[in-house]
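Per-entry structural report
Chain residues, written in single-letter form:
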Amino acid sequence: MWKIIESSVPQMLAAGFKYTIPLAIISFFFGLILALITALVRLTRKKGPFRIIKWIFSFYVWLFRSTPLLVQLFIVFFGLPYFKIKGIFPNGIKLEPFTAGIITFSLNTGAYASETIRAAISSVPKGQWDAGFAMGMSKLKTLWRIILPQAFRVALPPLSNSFISLVKDTSLAASITIMEMFAVSQQLAAENYQPLLMYSLVALIYAAFTTVLTFLQKYLEHITDRYVKAN
Amino acid sequence: MKLTNINKTFGNKKVLKNINLDFPTGKTTVLVGPSGSGKSTLLRTLNLLVTPECGQYEFEKQKLDFAKKISNKEKIFLRQKTGMVFQDYNLFPTKTVLGNIIEGPTQVLKEDKTHAITTAQQLLQKVGLADYATAYPHELSGGQAQRVAIARALAMKPKYILLDEPTSALDPELELSVLKVLLQLAREKQSMAIVTHNMVFAKKIADKIIFVENGEILYDGSPTEFFDPNNPNQRIRNFISSMTLEDL
């Protein structure tokens with residue numbers, strides 16, 4: 001049995017470092033940017049034509065939160081090649097599996113994280129905005145220098161949740177032909193007829209990855225806690 | 001600093017009705033009045049945290065007409081010249097005491113950081129908190145926090161400092177530490193406008209008293225006349241006696 005473990009774990013880890021981790025990190029990065037933009041758009045009190053933009057972003061959040069991630073992956077990877085518009089996409093939208101994965105995971109994470117960020121920004125007392133404005137800061141500067149650092153502390157635990165979920169959800173990318181960690185374990189199981197062992201091993205590696213993330217979260221919480229009262 | 005014909009409504013409520021006021025330079029103007037009278041709104045107008053529907057605002061050579069749209073540039077320029085101190089301090093919790101004070105000078109005035117730190121340390125000395133530069137706001141008492149807020153406002157070298165009930169959240173002992181700093185500033189001829197419920201303090205520090213009720217100015221003049229027990233205005237006499245517990 002050791003022999004099988006010895007030969008399969010490195011293959012799984014290699015897939016983990018080559019696909020699982022990059023998929024998770026890149027998607028989370030773009031997802032966060034998208035989430036911040038979405039949260040800000042939905043928080044502004046601008047009226048008039050801007051309402052349409054707000055509506056589009058609300059629709060996006062609704063769409064990605066109300067449909068399964070696996071279905072989203074299938075639509076982007078298998079469905080979009082049939083999305084043909086004369087003149088613009090005459091041959092449909094054909095994406096590389098990895099690109100399709102990044103796009104779908106980013107959009108999905110962005111929708112969930114936008115709600116987290118929206119709540120975190122709202123949780124910062126209004127007086128903090130006033131204090132920034134009162135010293136002559138612009139809205140954007142106040143947001144960046146004063147509000148977001150405070151919102152970050154509030155958003156940290158739920159965002160960590162999202163990131164940990166994302167790391168595990170990348171296993172769904174196996175279904176769109178990306179040879180990430182779970183796909184490799186499936187392949188190995190088919191070769192060596194050890195499904196229990198292979199899937200348990202891959203489960204352990206996922207657990208190891210997310211445990212590292214949990215420690216990272218604890219560390220960041222420790223840093224951001226220095227400016228709040230000890231409980 | 002001068003306001004002319006200022007009107008402001010929140011929903012259906014008229015909170016400021018045709019306000020005309022002068023704020024002299026180098027003097028302390030104290031705004032008093034019952035809760036909800038509009039005095040805080042008035043003060044926030046001076047810092048443009050509140051934008052009235054109409055009226056004019058003159059600050060030195062700058063003139064704003066609230067009937068027209070105020071540009072962000074005008075807003076930001078004026079806010080730099082009017083430092084604001086809030087009732088609940090509004091210090092930035094993620095920054096140290098020093099970080100709070102140099103934030104405006106380095107980010108808004110684009111001052112050199114070393115220079116800003118030197119000035120900040122002098123200001124901390126002035127408000128009696130020289131040893132607290134590296135502390136975080138949550139480690140301070142209310143009185144200390146408010147003195148940091150005053151130092152933060154001063155760091156912007158504003159022409160005018162606006163204080164919105166600066167000691168209302170403090171117990172009497174801590175209040176004293178803040179009042180001392182304000183009296184010192186008044187002696188140094190720092191232009192100030194203060195909203196307060198503390199009549200003893202108002203009497204002591206004011207060069208000019210403004211009494212606001214229901215969004216109107218009922219008194220605008222010297223403190224001596226205002227606090228005169230024979231003030232002909234019955235409403236003001238009642239207000240002062242209720243605020244100084246003379247009725248009890």
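About the cut-offs
Residues numbered from 1 in each chain as written. Chains lettered and ligands numbered in written order. Predicted model: local features only at pLDDT ≥ 70, side-chain atom pairs only at ≥ 80, totals over all residues. Heavy atoms only, no water. Helix = DSSP H or I, 4+ residues; strand = E, 2+ residues; numbered from the N terminus. Buried < 20%, exposed > 50% of the residue type's maximum accessible area, 1.4 Å probe, protein only. Contact = heavy atoms within 4.5 Å. Polar contact = N/O pair within 3.5 Å; in protein donor to acceptor, adjacent residues only side chain to side chain. UniProt positions renumbered as here; feature names shortened; annotations may be inferred. Pairing = 2+ DSSP bridges. Buried area = accessible area lost by both parts, 1.4 Å probe. Salt bridge = Lys/Arg side-chain N within 4 Å of Asp/Glu carboxyl O. Axes fitted to C-alpha atoms, helices over the stretch in contact; angles between N-to-C directions. Parallel < 35°, antiparallel > 145°, perpendicular 65-115°, else oblique. Left-handed = near helix turned anticlockwise from the far one by under 90°. Nonpolar A, V, L, I, M, F, W, Y, C, P; charged D, E, K, R; others polar. Patch = residues over 30% accessible without salt bridge, like charges linked within 9 Å, V, L, I, M, F, W, Y side chains within 5 Å. Areas by Shrake-Rupley, 256 points an atom, 1.4 Å probe, with all protein chains shown as cover. Lys, Arg positive; Asp, Glu negative; His and termini not counted. Charge placed at Lys NZ, Arg CZ, Asp CG, Glu CD. Expected span 1.5 Å × (residues − 1). Bend = angle between axes of the 7 residues up to and from the residue. 1 Å grid on protein atoms, 1.4 Å probe; cavity = no way out; pocket = protein on both sides within 12 Å on 5 of 7 lines; lining within 4 Å. Points joined across faces, edges and corners; volume = space filled by probe spheres on them.

Side note on the overall build of chain A
A count of helical and extended segments in chain A gives eight helices and zero strands. When the helices and strands of chain A are listed from N to C terminus, the series reads α-α-α-α-α-α-α-α. Its C-alpha atoms put chain A at 70 × 60 × 25 Å along the principal axes. Looking at the 231 residues of chain A, the share that counts as buried comes to 42%. Long-range contacts, defined as pairs at least 24 residues apart, comprise 71% of the intrachain contacts of chain A with a sequence gap of at least 6.

What about the side chain of A:Thr38?
Residue and element names in this part refer to chain A. Counting through the fold element by element, threonine 38 comes out in helix 1 (residues 2-43). Of the polar contacts made by the side chain of threonine 38, one reaches the backbone oxygen of leucine 34; its length is 2.6 Å. In contact with threonine 38, not counting residues within four places along its chain, are Phe57, Tyr60, Val61 and Ser114.

Some points on the UniProt feature "domain: ABC transmembrane type-1" (unreviewed entry) in chain A
With numbering matched to this structure, UniProt assigns "domain: ABC transmembrane type-1" (unreviewed entry) to residues 17-217 of chain A. Taken end to end, residues 17-217 of chain A is 78% helix and 0% strand, and its first and last C-alpha atoms sit 20 Å apart.

Let's talk about the pairing of strand 4 (residues 54-59) of chain B
Residues and elements named next belong to chain B. Residue alternation in strand 4 divides its side chains into a buried set, Gly55, Tyr57 and Phe59, and an unburied set, Cys54, Gln56 and Glu58. Across four bridges, the pairing between strand 1 (residues 2-10) and strand 4 is antiparallel. Note that in strand 4 the partner of threonine 4 across the bridge is glutamine 56. The turn joining strand 4 and strand 5 (residues 62-65), which pair antiparallel and follow one another in sequence, is formed by two residues; a positive phi near 50° is taken by glutamate 60.

A closer look at the interface of chain B and chain A
Size of an interface: often given as the accessible area lost when the parts come together. Opposite the 24 residues of chain B that make contact, chain A presents 21 residues. When the two sides are added together, the surface that chain B and chain A hide from each other amounts to roughly 2,000 Å², 58% of it contributed by carbon and sulfur. Together, B:Phe92, B:Thr94 and B:His138 form the three largest contributors to the area buried by chain B at its contact with chain A, with a combined 28%. Connecting chain B to chain A are two salt bridges. One salt bridge in this structure joins B:Glu103 and A:Arg145, with 2.7 Å as the shortest N-O distance. Seen at the junction of chain B and chain A, the total is nine residue pairs in polar contact (both at pLDDT 80 or more). Of all the secondary structure elements, the ones that give two or more residues to the side of chain B that touches chain A are helix 2 (72-81), strand 6 (82-85) and helix 3 (97-107) of chain B.

So, the packing of helix 5 (residues 142-154) of chain B against helix 6 (residues 172-187) of chain B
Residue and element names in this part refer to chain B. At a minimum axis separation of 7 Å, helix 5 and helix 6 run at an interaxial angle of 25°. If you check the angle between helix 5 and helix 6, you find them roughly parallel. As for the relative orientation of helix 5 and helix 6, their crossing is right-handed in sense. Here Gly142, Gly143, Gln146, Arg147, Ile150 and Leu154 of helix 5 come into contact with helix 6, specifically with Leu174, Ser177, Val178, Val181, Leu182 and Leu185. Looking at the contact of helix 5 with helix 6, its residues break down into seven nonpolar, four polar and one charged.

Focus on the UniProt feature "transmembrane region" (unreviewed entry) in chain A
Residues and elements named next belong to chain A. Per the UniProt annotation, the sites labelled "transmembrane region" (unreviewed entry) are residues 20-43, 55-80 and 196-216. The annotated region residues 20-43 carries 100% helix and 0% strand content, and the separation between its end C-alpha atoms amounts to 33 Å. Measuring from the first to the last C-alpha atom of residues 55-80 gives 24 Å, for a span that is 85% helix and 0% strand.

Observations concerning the sheet that holds strand 1 of chain B
Residues and elements named next belong to chain B. Ordered in space as 2-1-4-5, the four strands form an open sheet in which the pairing is antiparallel. Only two strands of the sheet have a single partner each, and these edge strands are strand 2 (13-22) and strand 5. Pairwise comparison of adjacent strand axes, ignoring direction, gives a mean angle of 20° for this sheet. In this sheet, strand 2 lies alongside strand 1 in antiparallel orientation, the contact comprising six bridges. Paired with threonine 9 across the two strands is lysine 14, which belongs to strand 2. Docked against the sheet, helix 1 (residues 39-46) engages strand 1, strand 2 and strand 4, running at close to 60° with respect to strand 2.

Considerations on a positive patch on the surface
Taken together, A:Arg45, A:Lys46, A:Lys47, A:Arg51, A:Lys139 and B:Lys69 make up a surface patch of like positive charges. For A:Lys47, the location among the structural elements is in the loop between helix 1 and helix 2 (50-65).

Remarks on the pattern of salt bridges
Residues and elements named next belong to chain A. Summed over the entire model, instances satisfying the criterion amount to 15 salt bridges over all chains. One salt bridge connects arginine 65 with glutamate 115, and the closest N-O pair in it is separated by 4.0 Å. Residue arginine 65 is found in helix 2, and its partner glutamate 115 is found in helix 4 (residues 97-123); the two are separated by 50 residues along the sequence. If you follow the salt bridges from partner to partner, you end up with Arg42, Arg65, Glu115 and Arg118 in one network.

Some thoughts on helix 4 of chain A
For helix 4 of chain A, which comprises 27 residues, the first-to-last C-alpha distance of 39 Å matches the rise-based estimate of 39 Å (1.5 Å per residue) to within 8%. Maximum bend of helix 4 of chain A: about 25°, positioned at A:Ala113.

Considering the layout of surface pockets
Quantified by volume, the largest pocket comes out at close to 1,600 Å³. Around the largest pocket, the lining comprises 35 residues; the ones closest to its centre are A:Thr44, A:Arg45, A:Trp129, A:Phe133 and A:Lys139. When contributions to the lining of the largest pocket are tallied by element, the ones reaching two or more residues are helix 1, helix 4, helix 5 (126-134) and helix 6 (139-169) of chain A together with strand 1, helix 1 and helix 2 of chain B. For the lining of the largest pocket, a count of residues per class yields 17 nonpolar, seven polar and eleven charged. Computed from the structure, the second largest pocket encloses a volume of approximately 530 Å³. In terms of lining, the second largest pocket is formed by 21 residues, of which the most central are A:Phe28, A:Leu32, A:Phe152, A:Leu156 and A:Leu159. Going through the elements one at a time, helix 1, helix 4, helix 6 and helix 8 (195-224) of chain A are the ones with two or more residues in the lining of the second largest pocket. Ranked by residue count, the leading element in the lining of the second largest pocket is helix 6 of chain A, at eleven residues. Tallied by class, residues from the lining of the second largest pocket come to 18 nonpolar, three polar and no charged.

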